[in-house]
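Breakdown of the fold
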Amino acid sequence: MTSDSDRPTPTIFPAMKFRDGHAAIDWLETAFGFRRHAVHAAPDGTVAHAELTLGDDGMIMLGGEPRTPDPDNPWASAKLGLYVHVDDIDAHYERAKAAGAVIVRELADTPYGSREYSCRDPDGHLWSFGTYHPKRA
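Okay, so let's go over this structure. Please read these numbers as outputs of a predicted model, since none were measured by experiment.

Structural notes on the pattern of salt bridges
Pairing is possible between side chains that carry opposite charge, provided their charged atoms lie close to one another. Evaluated as defined, the whole model comprises six salt bridges. The closest approach of N and O atoms between Arg 115 and Asp 90, which form a salt bridge, is 2.9 Å. Residue Arg 115 is found in strand β7 (residues 115–120), and its partner Asp 90 is found in helix α2 (residues 89–98); the two are separated by 25 residues along the sequence. Linked through salt bridges whose partners overlap, the residues forming this network are Asp 26, Glu 29 and Arg 36.

What follows is the structure, given as structure tokens:
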């Protein structure tokens, strides 16, 4: 039998954007049994960022579509992407750049205590890598 302390902590989290983040959270709870871990509102009342859990180690992140699009934020219009927690973000960033990843949000410190960047892979999928870990926050 595996104890909770022996279970690996996930480091890859699907991140989705919904037209109405509040309605999506309610529906995901009702339909699939997700539970709210964290919900942060944007100044315009939409969901800026939410984390929902399922079971012991499942988690998704989501947000609502902003009322005013932000062309400088690739996540403002992305319907789906991945967020990946990494410990050495500076080395990870340099490795991704060297491999030709298209950096769409430069490596920077965030107001919520993470250091992260976003990029696109050769097929255009959106990825974010950072030191923030939602299961440990």
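Having seen the model, we can carry on.
Quick notes on the side chain of Ser 128
Here Ser 128 lies in strand β8 (residues 126–130). For Ser 128, a relative accessible area of 3% gives the class buried.

Some points on the sheet that holds β7
Taken in spatial order, the eight strands of this open sheet run β2-β3-β4-β1-β5-β8-β7-β6, and their pairing is mixed. Since the sheet does not close on itself, it has two edges, and those belong to β2 (35–41) and β6 (102–109), each with one partner. The sheet shows a mean angle of 20 degrees between the axes of neighbouring strands, direction not considered. Inspection of the sheet shows strand β1 (residues 12–18) paired to strand β5 (residues 80–85) by five bridges, in the antiparallel sense. By the bridge assignment, Pro 14 is partnered in β5 with Leu 82. This element, helix α1 (residues 21–32), spans β1, β2, β3 (47–54) and β4 (58–64) of the sheet and lies at about 10 degrees to β3. Contacts between α2 and the sheet are confined to β6, β7 and β8, with β7 contributing the most and set at about 20 degrees to the helix.

A word on α1
Here α1 is 12 residues long and its end C-alpha atoms lie 16 Å apart, about the 16 Å a rise of 1.5 Å per residue gives. Looking only at α1, the buried set comprises Gly 21, Ala 24, Ile 25 and Leu 28. The arc that holds every buried residue of α1, seen down its axis, measures 100 degrees, which confines them to one face. Exposed residues on α1 whose side chains face more than 90 degrees from its buried face are Trp 27 and Thr 30. Between a side-chain oxygen at the N-terminus of α1 and the backbone nitrogen of His 22 the separation is 3.1 Å; the capping residue is Asp 20. Looking one or two residues beyond α1, the residue adopting positive phi is Gly 33, at roughly 85 degrees.

Focus on α2
When α2 is considered as a whole, its buried residues turn out to be Ile 89, Tyr 93 and Ala 96. In an axial view of α2, the angular spread of the buried residues amounts to 65 degrees, which keeps them on one side of the axis. For α2, the exposed residues lying more than 90 degrees away from the buried face are Arg 95 and Ala 98. Tucked into the core, α2 has its buried residues touching β6, β7 and β8.

Considering the environment of Leu 52
Along the chain, Leu 52 falls in strand β3. The class of Leu 52 is buried, set by a relative accessible area of 0%. Placed 57 residues apart in sequence, Leu 52 and Asp 109 show a C-alpha to C-alpha distance of 24 Å. Not counting chain neighbours up to four residues away, the residues in contact with Leu 52 comprise Ile 25, Leu 28, Phe 34, Arg 35, Arg 36, His 37, Gly 58, Met 59, Ile 60 and Leu 62.

Reading the values: the criteria
- Residues numbered from 1 in each chain as written.
- Predicted model: local features only at pLDDT ≥ 70, side-chain atom pairs only at ≥ 80, totals over all residues.
- Heavy atoms only, no water.
- Salt bridge = Lys/Arg side-chain N within 4 Å of Asp/Glu carboxyl O.
- Helix = DSSP H or I, 4+ residues; strand = E, 2+ residues; numbered from the N terminus.
- Buried < 20%, exposed > 50% of the residue type's maximum accessible area, 1.4 Å probe, protein only.
- Pairing = 2+ DSSP bridges.
- Axes fitted to C-alpha atoms, helices over the stretch in contact; angles between N-to-C directions.
- Contact = heavy atoms within 4.5 Å.
- Expected span 1.5 Å × (residues − 1).
- Arc of directions from axis to C-beta.
- Polar contact = N/O pair within 3.5 Å; in protein donor to acceptor, adjacent residues only side chain to side chain.

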